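# A structural walkthrough
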Amino acid sequence: YLLLQQLTEKSDVYSFGVVLFEVLCARSVLDRTLPEEQVSLAEWAVHCHKNGTLDQIIDPYLKGKIALESFKQFTGIAIKCMADQSIDRPYMDEVLWNLEFSLQLQRSAEESNKGIGGNHIEEEPYIPCKWKKDLDASPSFNGGGGSLS
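Notes on the structure in this doc start here. (Residues numbered from 1 in each chain as written. Predicted model: local features only at pLDDT ≥ 70, side-chain atom pairs only at ≥ 80, totals over all residues. Heavy atoms only, no water.)

## A short note on the pattern of salt bridges
- Counted under the stated rule, the structure contains one salt bridge.
- As a salt-bridge pair, Lys72 and Glu69 come within 3.7 Å of each other at their nearest N and O atoms. Pair noted here: Lys72 and Glu69 are both in helix α3 (residues 68–81), with a separation of three residues, about one helical turn. (Salt bridge = Lys/Arg side-chain N within 4 Å of Asp/Glu carboxyl O. Helix = DSSP H or I, 4+ residues; strand = E, 2+ residues; numbered from the N terminus.)

Written out as structure tokens, the structure is:
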């Protein structure tokens, strides 16, 4: 799209690849609060794929739950969707097939309990967040009773 300024089926495929990473990583496409190299999810995902560190940027909730083979299948097709050249991107029917296969791999791993500890993306230790409760933060909240001012 950037080169020709035309939306095509293949530019939609690129966008879908970005959406797949949004889902996998539970973050928005642009996050200006992150270090510069991580601001663009698309660029960061491609960088991590090249370095073999994609498993480190996925949603922490998925760690320990997603089967390694399913993860590889899912991220493989998402990366192909985001190929620089549109000719190198798959058609949506290929994307659909790969996502369905990724789901099959996940279900198979869950049914057989195969891979727990070895074939799943490793879960990191859970560290609870401490949230500050500030009832004065919202001027419309009256602290109880259910009515808003």
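## Examining a negative patch on the surface
- Side chains of Glu9, Asp12, Asp93 and Glu94 sit close together on the surface and give a patch of like negative charge.
- Put simply, the parts of the chain that give the negative patch at least two residues each are α1 (9–25) and α4 (92–112).
- Structurally, the position occupied by Asp12 is in helix α1. (Patch = residues over 30% accessible without salt bridge, like charges linked within 9 Å, V, L, I, M, F, W, Y side chains within 5 Å. Areas by Shrake-Rupley, 256 points an atom, 1.4 Å probe, with all protein chains shown as cover. Lys, Arg positive; Asp, Glu negative; His and termini not counted. Charge placed at Lys NZ, Arg CZ, Asp CG, Glu CD.)

## Considerations on the packing of aromatic side chains
- If you walk through the whole model with that rule in mind, you get one aromatic pair.
- Ring centres 5.3 Å apart and planes at 20 degrees place the aromatic pair Trp97 and Phe101 in the stacked group. With Trp97 and Phe101 both in helix α4 and four residues apart, this pair spans about one turn of that helix.
- Judged by relative accessible area, which is 51%, Trp97 ranks as exposed.
- Overall, the relative accessible area of 29% leaves Phe101 in the partly exposed class.
- The ring of Tyr91 carries the charged tip of Lys10 above its face, separated from the ring centre by 4.1 Å. (Phe/Tyr/Trp six-rings, centres within 6.5 Å; stacked < 30°, edge-to-face > 60°. Buried < 20%, exposed > 50% of the residue type's maximum accessible area, 1.4 Å probe, protein only. Lys NZ or Arg CZ within 6 Å of the ring centre and 35° of its normal.)

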